[in-house]
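# Structural overview
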Amino acid sequence: MRAAGGAGLLVAYPRSAVVAACRDVVAEMRTRILTEDAAGHEAGPLDLMTLVDERVRERRQTHLKRLINAGGVIVNTNLGRSALAPEAVAAATEAATHYSNLEYRLETGERGSRHEHVESLLVELTGAEAAMVVNNNAAAVLLMLTVLAAGQEVVVSRGQLVEIGGSFRIPDILRLSGARLVEVGTTNKTRLSDYADAITTETALLLRVHTSNFKVVGFAEEVPIDELARLGEARRIPVADDVGSGALANIAAVAEEPSVTASVRCGADVVTFSGDKLLGGPQAGLIVGRRIWVEAMKRHPLARAVRVDKMTLAALEATLLLYREPERAISTVPTLRLLSRDEQDSREMAERLAEAICRRLRENGALDTVEVGTQKADALPGGGALPLWSIASWEVTLKAVGGAAHLETALRLAPVPVVSRVTRDRVHLVMAALEPEELELLADSVAWAVAHVAGDEG
Ligand SMILES: *Cc1c(COP(=O)(O)O)cnc(C)c1O
């Protein structure tokens, strides 16, 4: 810390932060010298101080940071699924900044329920009798199974015993709830008679699960929810439908996903779906259905363990309000807007981005190290939905002197990281999940990554 440059750091940052960063950097140097060839690491005091400076800054930044999704998957669970509409952001900020009537009835001054804020809206939008919201759809399914079927049997088609990713598997969640799985049918075909034959005095629930992230095509048959609901009604057994992503609005882009409203209309007693897949809201699990079941779920102790927080509720309510006017939802909910973007707009964005990248490379004298092109690209909705559906989009391709793999890595490590697609000799920046406002920033990251790769080469 007494080295040249140390005094400057102590003016800029608290002593404790500089000490911690110095220790980090020196410890890393030691390890590198011991494990690698020492000759390459003859860092002088000034280099060390630069590293310490970088480390102090790094330690002050959050680990969770925004990035640019140029990978062509719109609802990408690893990248946070859906960005929120401005209305939802404003509502979440308001809820986070101030006290609210979260569980308080302003009319009577008595304790209220956090479900009240979105229940009537969900009832209006889906036609169900009642609704509640929990942490995510996995929690919604667990709560539903626990309340409706713990200690009893649940009948599920073998074709619907799905894994959604991140270790959510229907047989596992069923076991966790204390219910017993009764498998019926086969992988590709399950008929109504298979369900009917499996019903015993122990049967508590008929469960349909939307296969979401895959499709069985060819010699395949599933029982539609209306037929399953009629069977359930005749045998006095509730029927639940986990529609996964779920589509709330009648929007062309998501028309192939099971509609929540249709499920309710067809007679499903409980329908569960995610808030942050194609709905385009915050992470949440939405449960709609018959009042008797929803009220039982609200009362169960597990509901408290999987309850939704106030910021999520605020963002969800604001998002659902937009769905009252579907046209407004399409133009303001980012996920819906991206799904509905036409190819020509993607093409114009790709051309603008290519220009912006070339402009920066020219300024940096690096234009001759990268080949920049534009072409058509296939993008995916993602979010475990519409697995066979691809979206016509456009992309910018980069062929760099240092190789595609190095450039792709450098893009991920840029100050504003970029997730891209990489093929053998090119990096692809797909427009499908990008907003026009991000293009200049993306061009900055590309220029940074190109310079970084060139620096490594030198
Ligand atoms: C995605 C999905 C889930 C899990 O939802 P999360 O919101 O990720 O918890 C459950 N069931 C189905 C059918 C899904 O598609």
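Residues numbered from 1 in each chain as written. Predicted model: local features only at pLDDT ≥ 70, side-chain atom pairs only at ≥ 80, totals over all residues. Heavy atoms only, no water.

What the rule picks out here adds up to 34 salt bridges. Here Lys298 and Glu119 are joined by a salt bridge, their closest N and O atoms 2.7 Å apart. Separated by 179 residues along the polypeptide, Lys298 in helix H11 (residues 291-299) and Glu119 in helix H5 (residues 116-126) bring together distant segments of the chain. Between Arg347 and Glu351 there is a salt bridge, with its nearest N and O atoms 3.2 Å apart. Pair noted here: Arg347 and Glu351 are both in helix H16 (residues 343-363), with a separation of 4 residues, about one helical turn. Judged by relative accessible area, which is 34%, Arg347 ranks as partly exposed. One network of salt bridges, with partners in common, ties together Asp24, Glu28, Arg55, Glu58 and Arg59. (Salt bridge = Lys/Arg side-chain N within 4 Å of Asp/Glu carboxyl O. Helix = DSSP H or I, 4+ residues; strand = E, 2+ residues; numbered from the N terminus. Buried < 20%, exposed > 50% of the residue type's maximum accessible area, 1.4 Å probe, protein only.)

Time to look at the site of the ligand. In the vicinity of the ligand, 13 residues are found, and the nearest of them are Arg81, Ser212, Asp242, Ser274 and Lys277. Contact distances for the ligand include 2.6 Å between a nitrogen atom and a side-chain N or O atom of Asp242. Measuring from an oxygen atom of the ligand, one finds a side-chain N or O atom of Lys277 at 2.8 Å. The fraction of the free accessible surface of the ligand (380 Å²) that becomes covered by protein chains is 94%. (Near = heavy atom within 4 Å. Polar contact = N/O pair within 3.5 Å; in protein donor to acceptor, adjacent residues only side chain to side chain. Areas by Shrake-Rupley, 256 points an atom, 1.4 Å probe, with all protein chains shown as cover.)

This part takes up the sheet that holds strand E12 (residues 270-274). Read across the sheet, 7 strands follow the order E5-E13-E12-E11-E10-E6-E9 without closing on themselves; strand pairing throughout is mixed. Edge strands, defined here as strands with exactly one partner in the open sheet, are strand E5 (130-134) and strand E9 (180-184). The mean inter-strand angle of the sheet, taken between neighbouring strand axes irrespective of direction, is 20 degrees. Bridging between E12 and strand E13 (residues 285-289) involves 5 bridges; their strand directions are antiparallel. Bridging from a neighbouring strand, Val270 pairs with Gly289 of E13. (Pairing = 2+ DSSP bridges. Axes fitted to C-alpha atoms, helices over the stretch in contact; angles between N-to-C directions.)

Another point: helix H17 (residues 404-413). Those residues of H17 that fall on the buried side of the exposure criterion are Ala404, Leu407, Glu408, Ala410 and Leu411. Summarising the axial view, the buried residues of H17 lie within an arc of 165 degrees, below the 170-degree limit, and thus occupy one face. Every exposed residue of H17 that faces more than 90 degrees away from the buried side is listed here: Ala405, His406 and Leu413. (Arc of directions from axis to C-beta.)

In this section: the nonpolar core. Counting residues in each nonpolar core, the largest one holds 61 residues, and the members touching the most others are Leu122, Phe273 and Val288. The dominant element in this core, judged by the number of residues it contributes, is helix H13 (residues 310-323), at 5 residues. When we break this core down by domain, the ones giving at least three residues each are domain 2 (68-77 + 341-457) and domain 3 (84-332). Aside from chain neighbours lying at most four places away, what touches Val288 is Leu122, Thr126, Ala128, Ala130, Ala131, Val260, Val264, Asp269, Val270, Val271, Phe273 and Val294. Core analysis: the second largest hydrophobic core is formed by 33 residues, Ala130, Leu142, Val162 and Val306 among them. (Core = buried A, V, L, I, M, F, W, Y, C linked by side-chain atoms within 4.5 Å. Domains from an automatic or database assignment. Contact = heavy atoms within 4.5 Å.)

Turning our attention to the packing of aromatic side chains. Inspection of the entire model under this criterion finds 0 aromatic pairs. Residue placement shows Lys189 over the ring face of Phe219; its charged tip is 3.9 Å from the ring centre. (Phe/Tyr/Trp six-rings, centres within 6.5 Å; stacked < 30°, edge-to-face > 60°. Lys NZ or Arg CZ within 6 Å of the ring centre and 35° of its normal.)

We now examine the domain arrangement of the protein. For the protein, the domain assignment lists domain 1 (6-58), domain 2 (68-77 + 341-457) and domain 3 (84-332). Between the C-alpha centres of domain 1 and domain 3 the distance comes to 52 Å.

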